[in-house]
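Survey of secondary and tertiary structure
Next come the chains, spelled out residue by residue.
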Amino acid sequence: MDSKIVLKAEDLDGYLTDQDQAYLSQMDSLYEKAMQSFKIIAAGGFSSTLATEEKKVIDIFDEMGQLMQNICHEVPGLNVFSFVTPEESHAEASRVIAKLRDIRTGHNEFVYYTQRAYEMLFRLAYTGNHTDNKNYLVVKTPVTSPVQNYAVHKVPDIDYKLENTVMCVMLRGALLPSMIMSKEIEEYSSHGYVTPFALFKIKRDESKKENNMEYVLDLNNSFYNLDDLNGKDLIFADPMNATGGSLVTVVKYLLSQGVKPKSIKFFNVISALKGSLRVVRALENCTCYTLWMDPVLNASAYIMPGLGDAGDRLNGRDTEDTPRNIIQLIADYGSNIAGLYRSQLRKIEHTVLGH
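The paragraphs below set out a description of the structure included in this document. (Residues numbered from 1 in each chain as written. Predicted model: local features only at pLDDT ≥ 70, side-chain atom pairs only at ≥ 80, totals over all residues. Heavy atoms only, no water.)

1. Things to note about the nonpolar core
Core analysis: the largest hydrophobic core is formed by 111 residues, its most contacted members being Leu175, Leu199, Phe236 and Phe267. Considering every element that reaches this core, the biggest residue donor is helix H6 (residues 107-126), with 11 residues. Apart from residues no more than four positions distant in its own chain, Leu199 is found in contact with Val169, Leu171, Leu175, Ser222, Phe223, Tyr224, Ile326, Ile348, Thr351 and Val352. (Core = buried A, V, L, I, M, F, W, Y, C linked by side-chain atoms within 4.5 Å. Buried < 20%, exposed > 50% of the residue type's maximum accessible area, 1.4 Å probe, protein only. Helix = DSSP H or I, 4+ residues; strand = E, 2+ residues; numbered from the N terminus. Contact = heavy atoms within 4.5 Å.)

Written out as structure tokens, the structure reads:
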């Protein structure tokens, strides 16, 4: 069997509808106008000129935001935090994204705000239904005088949403976000359910452009059991969804091997409109949850305005000659991450070492 699975950009675009293409063209035109103002603002000059251009940018972004909101309302599989939550929650999402985008945000802060982002995405996907039955948690506290004390906490019973899930990790930038999602599931499960993990080594060919991009799944360096994925709720957590190609490649491969997921959920901090549309058009029973949607991709398939390479900002940059394997990457997270996500790391290490 071939150890490499390749998906091409033209195959992805084949899933888009004519209406999708029209919306994307409209968005490209709007963003081109914004970039004309970006050039003037970046060059500096009189404050009155800068204020005028900033006002143009604000108006354009408002228009693009309204257009994206209209599109998402037409496509039920797209759930953008600020489009589907009460208005009082929107400022929190804006501030978290602003910190993640900021070029001045260092590694530790970037990890912290990524954790914040996935906590918000988890709540969006799993805790919005107030009709759930309740569970009671009885917790032993450190207080022992005059007797051992306990506390009782009433929580929603959402075990049925959580305890059929498998975390599917598209290395490498997706590793820590996947651990965060698994930790949230463990916390909200009344049984402390720790998700199984499946790890897929997939990358896109960065020598190519967006219109001829190729996505390469390396089966020899992936770690998974097909039987463990069949009939399960598959969760993918990738900080960025630019083109959708990596997710579609992995899922189409699993389907070709006879895996029939119960559902697919894709969690992103930032997603490009085009990537989100490709995913829900290409994959049945797939729902995308994103904290923030950006309007366009550039010719190199990077999200604009984007936030840079999220994988490098989370994990540090590998050298071309000595890329870290999965165990080295986990070790480099350090004791703080290892202590916080120890249950998840044990599952991952078992998956890798037992493969």
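So, next bit.
2. Focus: the packing of aromatic side chains
Counted under the stated rule, the structure contains 9 aromatic pairs. Summarising the aromatic geometry, the rings of Tyr31 and Phe38 are spaced 5.9 Å apart at their centres and angled 75° between planes, so their arrangement reads as edge-to-face. Aromatic side chains Phe267 and Tyr289 sit 5.1 Å apart centroid to centroid with 15° between the ring planes, which places their arrangement in the stacked category. Pair noted here: Phe267 is in strand S10 (residues 263-272) and Tyr289 is in strand S11 (residues 286-294), with a separation of 22 residues, a long-range link. (Phe/Tyr/Trp six-rings, centres within 6.5 Å; stacked < 30°, edge-to-face > 60°.)

3. Side note on the side chain of Arg204
With respect to the helices and strands, the residue Arg204 is situated in strand S6 (residues 197-204). A relative accessible area of 15% places Arg204 in the buried class. Among the polar contacts made by the side chain of Arg204, one reaches the side chain of Glu206 at a distance of 3.0 Å. A distance of 3.0 Å separates the side chain of Arg204 from the backbone oxygen of Ala301, its partner in a polar contact. Not counting chain neighbours up to four residues away, the residues in contact with Arg204 comprise Met213, Glu214, Tyr215, Ala242, Thr243, Ser300, Ala301 and Tyr302. (Polar contact = N/O pair within 3.5 Å; in protein donor to acceptor, adjacent residues only side chain to side chain.)

4. What to know about unusual backbone geometry
With omega at 5°, the peptide bond leading from Leu171 into Arg172 counts as cis. In this structure, Arg172 sits in the loop between strand S5 (165-171) and helix H8 (175-188). A cis amide bond links Met304 with the next residue in sequence, Pro305, at an omega value of 0°. With respect to the helices and strands, the residue Pro305 is situated in the loop between strand S13 (303-304) and helix H12 (310-315).

5. As for the side chain of Thr195
If you trace the backbone, Thr195 turns up in the loop between H8 and S6. At a separation of 2.8 Å, a polar atom in the side chain of Thr195 contacts the side chain of Ser182. Beyond its immediate sequence surroundings of up to four residues, Thr195 is in contact with Thr165, Met167, Ser182, Ile185 and Lys347.

6. Let's talk about a nonpolar patch on the surface
A cluster of nonpolar residues, Tyr136, Val138, Tyr150 and Val152, forms a patch on the protein surface that exposes about 490 Å² of accessible area. Listing elements by their share of the nonpolar patch, those giving two or more residues are strand S3 (134-140) and strand S4 (150-156). As for its position among the elements, Tyr136 is in strand S3. (Patch = residues over 30% accessible without salt bridge, like charges linked within 9 Å, V, L, I, M, F, W, Y side chains within 5 Å. Areas by Shrake-Rupley, 256 points an atom, 1.4 Å probe, with all protein chains shown as cover. Salt bridge = Lys/Arg side-chain N within 4 Å of Asp/Glu carboxyl O.)

7. Describing the pattern of salt bridges
Counting across every chain of the model gives 16 salt bridges. Taking the shortest distance from any N to any O, the salt bridge between Glu214 and Lys8 comes out at 2.7 Å. Residue Glu214 is found in strand S7 (residues 214-223), and its partner Lys8 is found in strand S1 (residues 4-8); the two are separated by 206 residues along the sequence. A relative accessible area of 18% means that Glu214 is categorised as buried. Measuring nitrogen to oxygen at the nearest pair gives 3.4 Å for the salt bridge that ties Lys56 to Glu53. Of this pair, Lys56 and Glu53 both sit in helix H3 (residues 47-74), separated by 3 residues, roughly a single helical turn. A relative accessible area of 41% means that Lys56 is categorised as partly exposed. Judged by relative accessible area, Glu53 falls into the buried class, the value being 7%. Three or more residues joined by partner-sharing salt bridges are found here, namely Asp13, Glu210, Lys274 and Arg278.

8. Describing the packing of H6 against H8
Direction vectors running N to C along H6 and H8 enclose 50°, while the axes themselves pass 9 Å from each other. Put simply, H6 runs oblique to H8. The crossing of H6 and H8 is right-handed. Facing H6, whose interface residues are Val111, Thr114, Gln115, Tyr118, Glu119, Phe122, Arg123 and Tyr126, H8 presents Leu176, Pro177, Ile180, Met181, Glu184, Ile185 and Tyr188. Considering only residue class, the contact of H6 with H8 consists of 10 nonpolar, 2 polar and 3 charged. (Axes fitted to C-alpha atoms, helices over the stretch in contact; angles between N-to-C directions. Parallel < 35°, antiparallel > 145°, perpendicular 65-115°, else oblique. Left-handed = near helix turned anticlockwise from the far one by under 90°. Nonpolar A, V, L, I, M, F, W, Y, C, P; charged D, E, K, R; others polar.)

9. Details of the pairing of strand S8 (residues 233-237)
S8 sits mainly inside the fold: 5 of its 5 residues count as buried. Neither face of S8 is left uncovered, since the one carrying Asp233, Ile235 and Ala237 and the one carrying Leu234 and Phe236 both have all their residues buried. As paired elements, S5 and S8 share 4 bridges and run parallel to each other. What sits directly across from Met167, in S8, is Ile235. Bridge analysis of S8 against S10 gives 5 bridges, and the strand direction is parallel. Directly across from Leu234, in S10, lies its bridge partner Ile264. (Pairing = 2+ DSSP bridges.)

10. Side note on H8
Helix length check: H8, at 14 residues, gives a terminal C-alpha distance of 20 Å against a target of 20 Å (1.5 Å per residue), a fit within 8%. Here H8 lies mainly inside the structure; 11 of its 14 residues are buried. Considered for burial, the residues of H8 that qualify are Leu175, Leu176, Pro177, Ser178, Met179, Ile180, Met181, Ser182, Glu184, Ile185 and Glu186. (Expected span 1.5 Å × (residues − 1).)

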